[in-house]
Amino acid sequence: MRKSVGILFLLVIVLFSCNNEKKERKNEAVSVKVETIDVKNSISNNSFVGTIEASASSTLSSKFSGKIINLNVKQGDKIKQGDVIAVIESQNVKSTLESAEATLSQAEDGYQRLKKVHDTRSVADVKMIEIETQLAKAKAAAVAARSAADDCFIKAPFDGVVGEIFVSDNEDIISLQPICTVFDISSLQLSISVPEKEIGKINIGDSALFSVGVLDNVTLHAVVDSKGLNASKISRNYDCKLSVVEKNNQLLPGMIANLFFSDNINDCLSISPKYIKMDEVGKYVWCVNNDNIVEKKYIELGDYVASGVIVKNGLSIGDKIIVDGFSRICCGTKVIIIP
């Protein structure tokens with residue numbers, strides 16, 4: 001009996017201490033970041049998903065078979081025009097160059113010797129013309145051999161970024177085998193696929209905004225450059241190209257973008273979808289009231305826009321929604337707002 005009473009007494013102590021610990025934790029202020037809701041001019045739901053593309057690209061290859069003795073780049077490297085991407089060692093090119101240089105040296109020596117004799121009028125003009133012709137051929141062969149040797153240095157055709165690399169150091173390659181791709185990112189394009197029911201609304205010169213998720217949804221400006229004339233036989237969509245107006249060094253080919261055409265909506269409240277939560281009641285956001293206490297506010301959503309998604313009901317101008325620090329909060333949590 002005494003043993004049972006002792007165990008009961010210990011359980012009461014443990015429960016009491018746990019409750020105190022929970023109260024203490026609840027009273028601790030949690031650091032969070034907030035965003036204050038304000039009226040925005042935004043863009044309507046005339047949106048498409050597109051892909052960032054380079055304005056120009058080139059697949060580099062060697063004119064000659066040989067071994068790659070130097071591969072100076074890796075995927076993603078930024079390069080300048082004329083930078084040596086790879087060096088090819090070709091025995092055929094090397095032998096041809098050595099032979100051409102030797103022939104040229106011999107022809108030049110023969111020409112100098114014969115010229116001295118010709119100047120004394122001891123050699124006929126016909127013989128002099130013959131030796132001059134041989135020298136010209138030797139010079140032309142040497143120029144061609146030197147050009148071939150220079151072609152073994154694979155160089156960047158323009159400023160850009162290295163894309164996919166198809167070879168490795170000390171690998172034997174054949175003539176015209178791809179070495180790598182190079183993208184010109186000085187000007188970028190955005191490619192979108194437009195359904196046939198929407199293509200009539202898009203015209204060359206139309207402005208649009210687009211956001212890139214991997215770059216924290218940074219919003220940039222684009223303009224329609226070209227509009228497809230033939231629909232895909234499978235999807236019945238038309239390909240359209242837009243030029244990216246703003247310069248952004250982090251924007252790279254292959255990135256996925258959400259594009260919105262300029263159909264203005266005035267005086268709307270919008271938030272990023274990543275701050276929206278959901279439970280059995282509906283969609284909500286965590287807010288901080290004037291006493292720095294966390295509250296749950298249920299919201300009604302509207303169309304997606306360039307700045308996020310429109311909030312039709314549930315939020316007001318000046319509300320502070322929590323954007324960072326979700327893991328340690330619940331209703332009633334005391335918080336400290338940090339920049």
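Our subject is the structure that appears above.
Buried residues dominate strand β18 (residues 283–288), accounting for 5 of its 6 residues. Here strand β17 (residues 277–278) runs beside β18; their pairing, made up of 2 bridges, is antiparallel. Bridged to Lys 277 within β18 is Tyr 284. Between β17 and β18, which follow one another and run antiparallel, lie 4 residues. Bridge analysis of β18 against strand β19 (residues 294–298) gives 5 bridges, and the strand direction is antiparallel.

Counted by the stated rule, this structure contains 2 aromatic pairs. Ring centres of Tyr 284 and Trp 286 lie 5.4 Å apart, and the angle between their planes is 80°; on these two criteria the pair is classed as edge-to-face. Here the aromatic residues Tyr 284, Trp 286 and Tyr 298 are joined through ring pairs into a cluster of three or more.

One recurring pattern in soluble globular proteins is that nonpolar side chains are buried together. The biggest cluster of nonpolar side chains holds 27 residues, and the ones touching the most others in it are Ile 192, Phe 210, Leu 242, Leu 251, Leu 259 and Phe 261. The element contributing the most residues to this core is strand β10 (residues 178–195), with 5 residues. Setting aside chain neighbours within four positions, we find Ile 192 in contact with Phe 48, Val 49, Gly 50, Tyr 238, Asp 239, Cys 240, Leu 242, Leu 259 and Phe 261. Among the nonpolar cores identified, the runner-up in size contains 20 residues, and Ile 79, Ile 88, Val 167 and Cys 180 belong to it.

Its 29 residues place the ends of helix α2 (residues 91–119) 42 Å apart at the C-alpha level, agreeing with the 42 Å of an ideal helix rising 1.5 Å per residue. Along α2, the residues classified as buried are Val 93, Ala 100, Leu 104, Ala 107, Tyr 111 and Leu 114. Looking at the packing, one finds that the buried side of α2 touches α3 (125–151). Looking one or two residues past α2, Arg 121 carries a phi angle of roughly 60°, positive in sign.

Generally, phi is negative for residues other than glycine and the peptide bonds are trans, each holding for most cases. The residue Asn 170 is not glycine, and still its phi comes out positive at about 65°. Here Asn 170 is to be found in the loop between β8 (160–165) and β9 (172–173). Residue class for Asn 170 comes out exposed when judged on its relative accessible area of 54%. In this structure, Leu 176 takes a positive phi of about 70° despite not being glycine. Here Leu 176 lies in the loop between β9 and β10.

What follows concerns the environment of Ala 148. Tracing the chain through its elements places Ala 148 in helix α3. Classification of Ala 148 by relative accessible area gives buried; the value is 15%. Those residues in contact with Ala 148 that sit more than four places away from it in its chain are Phe 64 and Val 93.

Rules of the game
Residues numbered from 1 in each chain as written. Predicted model: local features only at pLDDT ≥ 70, side-chain atom pairs only at ≥ 80, totals over all residues. Heavy atoms only, no water. Buried < 20%, exposed > 50% of the residue type's maximum accessible area, 1.4 Å probe, protein only. Helix = DSSP H or I, 4+ residues; strand = E, 2+ residues; numbered from the N terminus. Pairing = 2+ DSSP bridges. Phe/Tyr/Trp six-rings, centres within 6.5 Å; stacked < 30°, edge-to-face > 60°. Core = buried A, V, L, I, M, F, W, Y, C linked by side-chain atoms within 4.5 Å. Contact = heavy atoms within 4.5 Å. Expected span 1.5 Å × (residues − 1).

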